[in-house]
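Examination of the molecular architecture
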Amino acid sequence: GHPAIRPLGNNRVLANHSGWTGGGIHIVSHHATFSTNTVQGNTSDNDGGGVYVHQSTGVLRANQVLGNTSADDGGGIRVFESRLTLEANVVVGNTAGDGGGGIRVSHVPSVLIDNVVRDNIAGNTGGGMDLDNDASTVIGGEITGNRAGNGGGIFLWLGPWNGAQLINIRIAANRASRGGGLFIADNLKPVT
C-alpha cells in the first residue's frame with residue numbers, strides 16, 4: 001500500500017523559476033492530494049513550468065494553474081511516469097516550447113475529469129493537452145482556445161495499452177497546422 005495521503009492545499013505558488021524541472025512545484029516519488037492551490041507565473045528551463053510530477057501517484061484537484069511557461073514540455077502541468085487523477089483543475093494561459101501547452105502526460109495512464117484547459121500554447125504538439133505513450137482517460141471538461149503545431153486541442157499518440165478514452169469533452173476553438181481540435185497518431189492500441 002501507499003503511505004498516508006499527505007494533503008497539499010490552499011497554497012499560492014507565484015513567479016518562481018527552475019533551471020530544470022518544476023518551475024513552481026516538483027513532486028517526486030510521493031503520494032499526495034494536491035488541491036485548491038494557485039500556481040501562477042512560474043517558469044522552468046525544461047519540463048513542468050507550473051507543476052512537475054514524477055514517479056508518483058495521487059490526486060490534483062481544483063487547482064488554478066495559470067500563465068506558467070516551460071521551455072520544453074508541460075507548460076502548466078507535466079505528469080511523467082506517474083498515475084494521477086486530475087480533476088476540476090483550471091489550466092489557462094500556459095506555454096510549452098515543445099509538447100503540452102496546458103498538460104502533458106507520459107508513460108503511465110492517468111485519469112483526467114472535468115478540467116478546463118483553455119488558451120494554452122505548445123510549440124509542437126498538444127496545445128491544450130498532450131497524451132504521450134500512455135493510455136489515459138479524459139472525461140468531461142473543456143479544451144478550448146488552445147494552439148499548437150499539431151493537435152491544437154489534444155494530441156494523443158503512441159498509446160501502448162488498452163483503455164485510452166476521450167469521453168464527453170467540449171473541444172472547441174483550438175488551432176493547429178494539423179488536427180485543430182484533435183490529433184490521434186501511431187497508437188499501438190485502439191482509442192475509444
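Structure: above.
Values in this document were obtained by computation on a predicted structure and should not be read as measured data.

Some words on the packing of aromatic side chains
- Tallying each qualifying case throughout the model produces two aromatic pairs.
- Measuring from centroid to centroid gives 5.4 Å for Phe155 and Trp157, while their planes differ by 65°, and the two rings are edge-to-face.
- With relative accessibility at 22%, the residue Trp157 sits in the partly exposed group.
- In textbook terms, an aromatic cluster arises when at least three aromatic residues are bridged by ring pairs, as seen for Phe155, Trp157 and Phe183.

Some thoughts on the nonpolar core
- Core analysis: the biggest nonpolar cluster contains 26 residues, and Ile77, Leu86, Ile103, Met129, Leu131 and Ile154 have the highest contact counts within it.
- Within the residue set of this core, elements represented by two or more residues are β4 (25–28), β8 (51–54), β12 (77–80), β13 (83–87), β16 (103–106), β20 (129–132) and β24 (154–157).
- Excluding anything up to four places from it in sequence, Leu131 contacts Val105, Ser136, Val138, Ile154, Phe155, Leu156, Trp157 and Leu166.

Concerning the pattern of salt bridges
- A complete count under the given rule lists six salt bridges for this structure.
- One salt bridge connects Arg61 with Glu87, and the closest N-O pair in it is separated by 3.4 Å. With Arg61 in strand β9 (residues 57–61) and Glu87 in strand β13, this residue pair connects regions lying 26 residues apart in the sequence.
- Here Arg61 falls in the partly exposed class, since its relative accessible area comes to 34%.
- A residue is classified by how much of its surface remains accessible, and Glu87, at 24% relative accessible area, is partly exposed.
- In this structure, Asp132 engages Arg104 in a salt bridge whose closest nitrogen and oxygen atoms are separated by 3.0 Å. Of this pair, Asp132 sits in strand β20 while Arg104 is found in strand β16, placing the two residues 28 residues apart along the sequence.
- In this structure, a network of salt bridges that share partners links the residues Asp73, Arg104, Asp130 and Asp132.

Considering the environment of Gly23
- Structurally, the position occupied by Gly23 is in the loop between β3 (17–18) and β4.
- On the basis of relative accessible area, Gly23 is assigned to the buried category, the value being 4%.
- Separated by 27 residues in the primary sequence, Gly23 and Gly50 have C-alpha atoms spaced 5.4 Å apart.
- Sequence-distant contacts of Gly23, that is, excluding residues within four places in its chain, are made with Asn16, His17, Ser18, Asn42, Thr43, Ser44, Gly48, Gly49 and Gly50.

Overview of the sheet that holds β16
- Overall, parallel pairing links the seven strands, which are arranged β4-β8-β12-β16-β20-β24-β28 in an open sheet. The open sheet terminates on both sides in strands that have one partner only, identified here as β4 and β28 (182–185). Neighbouring strand axes in the sheet, compared pairwise and without regard to direction, differ in orientation by 5° on average.
- Bridge count for β12 against β16 is four bridges, and the pairing is parallel. Bridge pairing in β16 links Phe80 to Ser106.

Here's the deal with the side chain of Thr21
- The topology assignment puts Thr21 in the loop between β3 and β4.
- Only 3.1 Å separates the side chain of Thr21 from the side chain of His26, close enough to count as a polar contact.

Quick notes on the rules
Residues numbered from 1 in each chain as written. Predicted model: local features only at pLDDT ≥ 70, side-chain atom pairs only at ≥ 80, totals over all residues. Heavy atoms only, no water. Phe/Tyr/Trp six-rings, centres within 6.5 Å; stacked < 30°, edge-to-face > 60°. Buried < 20%, exposed > 50% of the residue type's maximum accessible area, 1.4 Å probe, protein only. Core = buried A, V, L, I, M, F, W, Y, C linked by side-chain atoms within 4.5 Å. Helix = DSSP H or I, 4+ residues; strand = E, 2+ residues; numbered from the N terminus. Contact = heavy atoms within 4.5 Å. Salt bridge = Lys/Arg side-chain N within 4 Å of Asp/Glu carboxyl O. Pairing = 2+ DSSP bridges. Axes fitted to C-alpha atoms, helices over the stretch in contact; angles between N-to-C directions. Polar contact = N/O pair within 3.5 Å; in protein donor to acceptor, adjacent residues only side chain to side chain.

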